[in-house]
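Spelled out, the chains give:
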Amino acid sequence: MHKFDTKVQHLKYKVLREVARLAWNDELLDNVLDIPKMIVPGKTPTMRCCVYKERAILGERVKLAMGGDANNPNVIEVIETACDECPMGGYDVTNACRGCLAHRCEDACKFGAISFDRNHVAHIDKSKCKECGACAKVCPYTAIVDRKRPCENACKIKAIHMNESRTAAIDNDKCIACGACVYQCPFGAISDKSYILDVIDIIRKSEQNKKYKVFAVVAPSISSQFTYAKLGQVITGLKELGFHTVVEAALGADMVAYEESKELAEKGFLTSSCCPAFVSYIEKAFKELKPFVSHNLSPMATISKYLKEHEVPCKIVFIGPCTAKKAEVQKESVKPYVDAAITFEELQALFDSRDIDITALSEGVLDNASYFGRIFARCGGLSDAVAEGLKEHGVENFTLKACSCDGIEACRAALLKKSKGVLDANFIEGMACVGGCIGGAGCLTHGEKNKAEVDKYGREAYEKTISDAVSVLK
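1. Digging into the sheet that holds strand E14 (residues 402-406)
Then comes step 1: The strand order across the open sheet built from three strands is E11-E15-E14, with neighbouring strands paired in parallel fashion. Two strands close off the open sheet at either side, each with one partner strand: strand E11 (270-271) and E14.
Then comes step 2: When E11 meets strand E15 (residues 427-431), the two strands line up parallel, connected through two bridges. Bridge pairing in E15 links threonine 271 to isoleucine 428.
Then comes step 3: The sheet strands contacting helix H18 (residues 408-419) are E14 and E15, and the helix crosses E15 at an angle near 155°.

Right, here's the structure in full:
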């Protein structure tokens, strides 16, 4: 079985697996309260102070595995009972303070938050501190540090703050559902909602009434996941689960690159529409730039729209590395085409919930897309594909000047420059996750080697142009 990056991921997987196992057999509602005891069967806690608290938190994880809080529109939620182990955060004086006579920190603080003991060592009154950082800037020993919680550090758009009870709270008006906080929280106190039960329901009904086919649309980053098996075995495993056909989202990427390159040449400037977290960031933080977002749907939605129109009736399940896709599926422009979205983490849980050992399966074939569609999975791939699209369209009077943004901080910098009219580029490729989709929060594995795997996967289709790939759809 796959070895997860962290024990938090493994715990989340075990909850998903047990929820799915019971759901396949119509036993979930009768046994849902027993799942925490299944995972922690004895009286010795594995991660928490006591088994009772651990099981209470597992109960909250079960709720998220079953869809989470229906009243919260965000796909990212905080488990408050699990969010109590981090230090309070904010500015603290470390033991590097020498009790100097200058007291620059006191002079810099405009709020009277700094005092000194009899040894002249500084102390910060948290009730007065406004966390402006002025004291830290002037300390000659750099003895004052800003202790941000891991979730706050992970969230580069400042959508996370601490509430009155000092637990993490998410500002839904800022959150772009990228899931960075989910992956970085050491206690798993922040998690994405799962729609795994919707997927099981879709598959079971298709098996029972045979009225529709179920398509699995897989993200190209799948080539860097499930490293303990071969990609072809993963494809066969999906069909063992009950999917009729497996289709590459990379084919949708080819369709997008083909149209987006033409749109760029016509309009002169575009931002990409492939990453839902990046698009959400523009919609929330750079509203004035929204008209520049490509009018193309994302690759997921584009290929799903094609399938819905040509394979009637059918249901579409997207499988990828992205928590933001779960939010994208809820958008009115996408909802008609994609019925559910799950992550690679959840797919592993589905395989194991039905005791499918993919390493024992024969290899299926996945051969829909071009090299350029497949490399959308990593930063820079979209820009390369747009350049190829311009070439294949025979556009000669337009020169691509792409700005490939690796992570949401780079996206912010590019968008700020564009808003001020100083960006030296005519196309912004926005990837909210560092590395691109291969760095998504729902990945089984994270690391630099994933890029090499995606490029290798892309080269397997190198003889096929974007035009070749999309021509089969006409």
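2. Some thoughts on helix H15 (residues 344-353)
Then comes step 1: With respect to burial, H15 is a largely interior element, ten of its ten residues being buried.
Then comes step 2: For H15, the set of buried residues is Phe344, Glu345, Glu346, Leu347, Gln348, Ala349, Leu350, Phe351, Asp352 and Ser353.
Then comes step 3: Looking at the buried positions of H15, the neighbouring elements they touch are helix H1 (7-24), helix H9 (196-209), helix H10 (231-241), strand E12 (314-320), helix H14 (324-328) and strand E13 (340-343).
Then comes step 4: Looking one or two residues beyond H15, the residue adopting positive phi is aspartate 355, at roughly 55°.

3. A few points about the packing of helix H12 (residues 276-285) against H18
Then comes step 1: Between H12 and H18, the shortest axis-to-axis distance is 11 Å and the interhelical angle comes to 40°. With respect to H18, the element H12 is oriented oblique. H18 is crossed by H12, and the crossing has right-handed handedness. Each of Phe278, Tyr281 and Ile282 in H12 lies in contact with H18, whose residues at this interface are Ile408, Cys411, Arg412 and Leu415.
Then comes step 2: Here the residues of the contact of H12 with H18 sort into six nonpolar, no polar and one charged.

4. A closer look at the pattern of salt bridges
Side chains that differ in sign of charge can pair as their charged atoms come close.
Then comes step 1: Inspection of the entire model under this criterion finds 29 salt bridges.
Then comes step 2: Across the pair arginine 378 and aspartate 455 runs a salt bridge, and its minimum N-O distance is 3.0 Å. With arginine 378 in the loop between helix H16 (371-374) and helix H17 (381-393) and aspartate 455 in helix H19 (residues 449-459), this residue pair connects regions lying 77 residues apart in the sequence. Accessibility classification places arginine 378 together with aspartate 455 in one group, the buried group.
Then comes step 3: Across the salt bridge formed by lysine 401 and aspartate 424, the nearest N and O atoms sit 2.5 Å from each other. Of this pair, lysine 401 sits in the loop between H17 and E14 while aspartate 424 sits in the loop between H18 and E15; the two residues are 23 residues apart in sequence, bridging distant segments of the chain.

5. As for the pairing of E13
Then comes step 1: A two-sided burial pattern is seen for E13, the buried positions comprising Ala340 and Ile342 on one face and Ala341 and Thr343 on the other.
Then comes step 2: For E12 and E13, the ladder comprises four bridges, and the chain directions are parallel. Within E13, the position partnered with glycine 320 by the bridge is threonine 343.

6. Some words on the nonpolar core
The tendency in soluble globular proteins is for nonpolar side chains to be buried as a group.
Then comes step 1: Judged by nonpolar contacts, the single largest core of 95 residues is most densely connected at Phe226, Leu238, Leu241, Phe243, Ile319, Leu350 and Phe351.
Then comes step 2: Setting aside residues no more than four positions away along its own chain, phenylalanine 226 makes contact with Val234, Phe344, Leu347, Gln348, Phe351, Ile358 and Leu444.
Then comes step 3: Ranked by size, the runner-up nonpolar core spans 45 residues in total, among them Ile76, Ile190, Phe269 and Cys275.

7. As for the packing of aromatic side chains
Then comes step 1: If you walk through the whole model with that rule in mind, you get six aromatic pairs.
Then comes step 2: Centre to centre, the rings of phenylalanine 226 and phenylalanine 344 are 6.1 Å apart; their planes meet at 85°, and the pair counts as edge-to-face. Residue phenylalanine 226 is found in the loop between strand E9 (213-218) and H10, and its partner phenylalanine 344 is found in helix H15; the two are separated by 118 residues along the sequence.
Then comes step 3: Overall, the relative accessible area of 1% leaves phenylalanine 226 in the buried class.
Then comes step 4: Cluster of aromatic residues (ring-pair linked, three or more members): Phe226, Phe344 and Phe351.
Then comes step 5: Just above the ring of tyrosine 212 sits the side chain of lysine 315; from NZ or CZ to the centre is 5.5 Å.
Then comes step 6: Between the NZ or CZ atom of lysine 418 and the centre of the ring of phenylalanine 269, over which it lies, the distance is 3.8 Å.

8. Concerning the pairing of E9
Then comes step 1: E9 sits mainly inside the fold: five of its six residues count as buried.
Then comes step 2: Where E9 meets E12, six bridges bridge the pair, whose relative direction is parallel. Residue pairing in the sheet places valine 214 in a bridge with lysine 315 of E12.
Then comes step 3: Bridge analysis of E9 against strand E10 (residues 245-248) gives four bridges, and the strand direction is parallel. Across the sheet, the residue bridging to valine 218 is glutamate 248, located in E10.
Then comes step 4: Between the parallel pair E9 and E10, the chain is carried across by H10, and the sense of this crossover is right-handed.

9. A closer look at the packing of H1 against H15
Then comes step 1: Where H1 meets H15, the closest approach of the two axes is 8 Å, and the angle between their N-to-C directions is 45°. Classified by the angle their axes make, H1 and H15 are oblique. Seen along the crossing, H1 lies across H15 with a hand that is right-handed. Of the residues in H15, those in contact with Gln9, Lys12, Tyr13, Leu16, Arg17, Ala20, Arg21 and Trp24 of H1 are Glu345, Glu346, Gln348, Ala349, Leu350, Asp352 and Ser353.
Then comes step 2: Here the contact of H1 with H15 is built from residues that sort into six nonpolar, three polar and six charged.

10. Concerning unusual backbone geometry
Then comes step 1: With an omega dihedral of -10°, the bond running from valine 312 to proline 313 counts as a cis peptide bond.
Then comes step 2: Here proline 313 is to be found in the loop between helix H13 (299-310) and E12.
Then comes step 3: Despite not being glycine, threonine 142 has its phi angle at roughly 45°, a positive value.

Cut-off values and rules
Each chain has its residues counted from 1, running along the sequence as written. The predicted nature of this model means local features are confined to residues of pLDDT at least 70 and side-chain atom pairs, given and counted, to a pLDDT of 80 or more, with totals for whole chains, interfaces and linings taken over all residues. Values shown for side chains rest on all heavy atoms present in the structure; no hydrogens or waters enter the calculation. The criterion for strand pairing is that DSSP finds at least two bridges linking the strands in question. Elements are defined by DSSP. Helices are runs of H or I of four residues or more, strands are runs of E of two residues or more, and each kind is numbered from the N terminus. The contact criterion used is simple: two residues touch if any of their non-hydrogen atoms lie within 4.5 Å. For helices, the axis comes from a line fit to the C-alpha atoms of the stretch in contact; other axes are also lines fit to C-alpha atoms, and the angle between any two N-to-C directions lies between 0 and 180 degrees. Only protein chains enter the accessibility calculation, which uses a 1.4 Å probe; a residue is then buried when its area is under 20% of its type maximum, exposed when over 50%, and partly exposed in between. What sets the label is the angle itself: under 35 degrees gives roughly parallel, over 145 gives roughly antiparallel, 65 to 115 gives roughly perpendicular, and the rest give oblique. For a crossing to be left-handed, the near helix must be turned anticlockwise from the far one by less than a right angle; the clockwise case is right-handed. Three classes are used: nonpolar for Ala, Val, Leu, Ile, Met, Phe, Trp, Tyr, Cys and Pro, charged for Asp, Glu, Lys and Arg, and polar for all others, with Gly counted as polar. For this analysis, a salt bridge means a side-chain nitrogen from Lys or Arg found within 4 Å of a carboxyl oxygen belonging to Asp or Glu. Side-chain atoms within 4.5 Å are what join buried Ala, Val, Leu, Ile, Met, Phe, Trp, Tyr and Cys residues into a set we call a nonpolar core. In this analysis, rings of Phe, Tyr and Trp, with Trp reduced to its six-membered ring, are considered paired at centre separations within 6.5 Å, and the interplanar angle assigns stacked below 30 degrees, edge-to-face beyond 60, and tilted for intermediate values. Either the NZ atom of lysine or the CZ atom of arginine qualifies as a charge over a ring when it sits within 6 Å of the ring centre and within 35 degrees of the ring normal. Viewed with both strands pointing away, a crossover whose connecting path from the first strand over the helix to the second turns clockwise is right-handed.

The values reported here are purely geometric and, on their own, carry no functional implication.
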